[in-house]
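Analysis of the macromolecular model
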Amino acid sequence: MGGSDAGERVALVTGAASGLGQEFCVALAAQGRRVAGLDIADLAETEQRIAAAGGAGRFLGVTVDVTDPAAVTAAVDKIAEHHAGLHIVVNNAGIYPSIAFEDTTLDDWRRIMRLNLEGPFLVTQAALPHLRAAGWGRVVNIVSAVVFLGPPDMVAYTTSKAGLVGFTRALASAVGHEGITVNAIAPGLTRTRTAERTVGADGGFDRVRALQVVPDVEEPRDLVSTLLYVCDEGSGFLTGQTINVDGGSAKH
Ligand SMILES: NC(=O)c1ccc[n+]([C@@H]2O[C@H](COP(=O)([O-])OP(=O)(O)OC[C@H]3O[C@@H](n4cnc5c(N)ncnc54)[C@H](O)[C@@H]3O)[C@@H](O)[C@H]2O)c1
């Protein structure tokens, strides 16, 4: 990018109060970027981690439900005004409940699709005018290795993340000529507080580790280098892809 520098790019991360989203905010801020986080939960812990790493003033936390269209538009515009632009969108907020298919209610199905699919649609659509104005952008969708593995107790979740892979591919085609790339990153089971409480509990981490060729439990920091690579100034030819980072459980 002639005359540009990574530190000038402003990043927005959804689901930034905890887990992967918090880790991504800390890593992006450590590159000198201005970062904004959206979450329904309190974002103070994320702000504190960034400040403790020397990034005080680089982070703006906005409490918002990413499934609320008007609130999303207002939040995105506020971020672009506060940070004087917007270039990177990381659609990370998501839920991943294990529910047997026969027990899945229509309400479960809609709740999962709403956050995991409508959320990225709304946030990306609100953000795109700002990326277009900059003539440069990176949209990164956090999906899951379940799109390759298809676990039996996660039919709704797998469907939502496979939908996000389709979103990634088609949107990449729609905005490629504008200097904007769209990619997906697929983590395996990763040790976040939510995963420890849910799918990782009762030996879940050990069961997944046994499927991996890397014999360790995946940690949020294991996703960071891939995120930074996708967002890099030099990654303009990488688009429409789903990068699987799951310790080798799925090889595609
Ligand atoms: N942890 C894993 O094992 C794993 C594996 C593969 C994919 N993923 C995906 O990675 C993403 C993050 O997972 P995590 O483990 O860090 O989860 P997490 O629960 O730690 O973080 C998700 C964040 O999203 C926020 N959120 C929930 N609903 C929201 C809403 N309506 N509006 C705004 N924010 C909302 C939550 O408050 C939370 O801070 C998810 O999309 C998940 O599907 C996680």
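Predicted model only: the values in this text are computed from it and were never measured.

1. So, the overall build of the protein
If you tally the helices and strands in the protein, you get nine helices and seven strands. For 252 residues, the compact-globule formula gives about 18 Å, and the C-alpha radius of gyration of the protein, at 17 Å, lands near that figure. With respect to the principal axes defined by its C-alpha atoms, the protein has extents near 50 × 35 × 35 Å. Of all intrachain contacts in the protein linking residues separated by at least 6 positions in sequence, the fraction that spans at least 24 positions is 73%. Summed over all atoms, the accessible surface of the protein reaches about 11200 Å², with 54% contributed by carbon and sulfur.

2. Some points on the site of the ligand
Around the ligand, the surrounding shell holds 28 residues, and the nearest of these are Asp39, Tyr96, Tyr157, Thr190 and Thr194. In the model, an oxygen atom of the ligand is placed 2.6 Å from a nitrogen or oxygen of the Asp39 side chain. Here Ile40 contributes a backbone N or O atom positioned 3.4 Å from a nitrogen atom of the ligand. When the ligand is considered free in solution it has 830 Å² of accessible area, and contact with the protein chains removes 92% of it. Listing elements by their share of the shell around the ligand, those giving two or more residues are α1 (19-30), α6 (155-175) and α7 (193-197). Split into classes, the residues belonging to the shell around the ligand amount to 15 nonpolar, 10 polar and three charged.

3. Structural notes on the environment of Ala172
If you trace the backbone, Ala172 turns up in helix α6. What makes Ala172 buried here is its relative accessible area of 8%. Ignoring sequence-local partners within four residues, the contact set of Ala172 consists of Phe167, Val182, Thr239 and Gly240.

4. A word on the packing of helix α4 (residues 106-134) against α6
As a packed pair, α4 and α6 sit with axes 9 Å apart at the nearest point and diverge in direction by 20°. Regarding the angle of α4 to α6, the classification is roughly parallel. Both α4 and α6 take part in a crossing whose hand is right-handed. Within the contact between the two elements, α4 uses Trp109, Ile112, Met113, Asn116, Leu117, Pro120, Phe121, Thr124, Leu128 and Arg132 and α6 uses Val155, Ala156, Tyr157, Thr159, Ser160, Lys161, Gly163, Leu164, Phe167, Leu171 and Val175. Among the residues forming the contact of α4 with α6, the class breakdown is 14 nonpolar, five polar and two charged.

5. Focus: the side chain of Thr190
Positionally, Thr190 belongs in the loop between β6 (180-187) and α7. A relative accessible area of 6% places Thr190 in the buried class. Polar contacts involving the side chain of Thr190 include one to the main-chain carbonyl oxygen of Gly188, which spans 2.7 Å.

6. Focus on the pattern of salt bridges
According to the stated counting rule, one finds seven salt bridges in the structure shown. For Glu23, the salt bridge goes to Arg49, with nearest N and O atoms at 3.2 Å. A residue pair is termed long-range when its members are at least 10 positions apart, and Glu23 in helix α1 and Arg49 in helix α2 (residues 44-55) qualify at 26 residues. Notably, a salt bridge pairs Glu219 with Arg191, separated by 2.8 Å at the nearest N-O pair. Placement of the pair is Glu219 in the loop between α8 (204-211) and α9 (224-231) and Arg191 in the loop between β6 and α7, with a sequence separation of 28 residues.

What counts and what doesn't
Residues numbered from 1 in each chain as written. Predicted model: local features only at pLDDT ≥ 70, side-chain atom pairs only at ≥ 80, totals over all residues. Heavy atoms only, no water. Helix = DSSP H or I, 4+ residues; strand = E, 2+ residues; numbered from the N terminus. Rg over C-alpha atoms; globule rule 2.2 N^0.38 Å. Contact = heavy atoms within 4.5 Å. Areas by Shrake-Rupley, 256 points an atom, 1.4 Å probe, with all protein chains shown as cover. Near = heavy atom within 4 Å. Polar contact = N/O pair within 3.5 Å; in protein donor to acceptor, adjacent residues only side chain to side chain. Nonpolar A, V, L, I, M, F, W, Y, C, P; charged D, E, K, R; others polar. Buried < 20%, exposed > 50% of the residue type's maximum accessible area, 1.4 Å probe, protein only. Axes fitted to C-alpha atoms, helices over the stretch in contact; angles between N-to-C directions. Parallel < 35°, antiparallel > 145°, perpendicular 65-115°, else oblique. Left-handed = near helix turned anticlockwise from the far one by under 90°. Salt bridge = Lys/Arg side-chain N within 4 Å of Asp/Glu carboxyl O.

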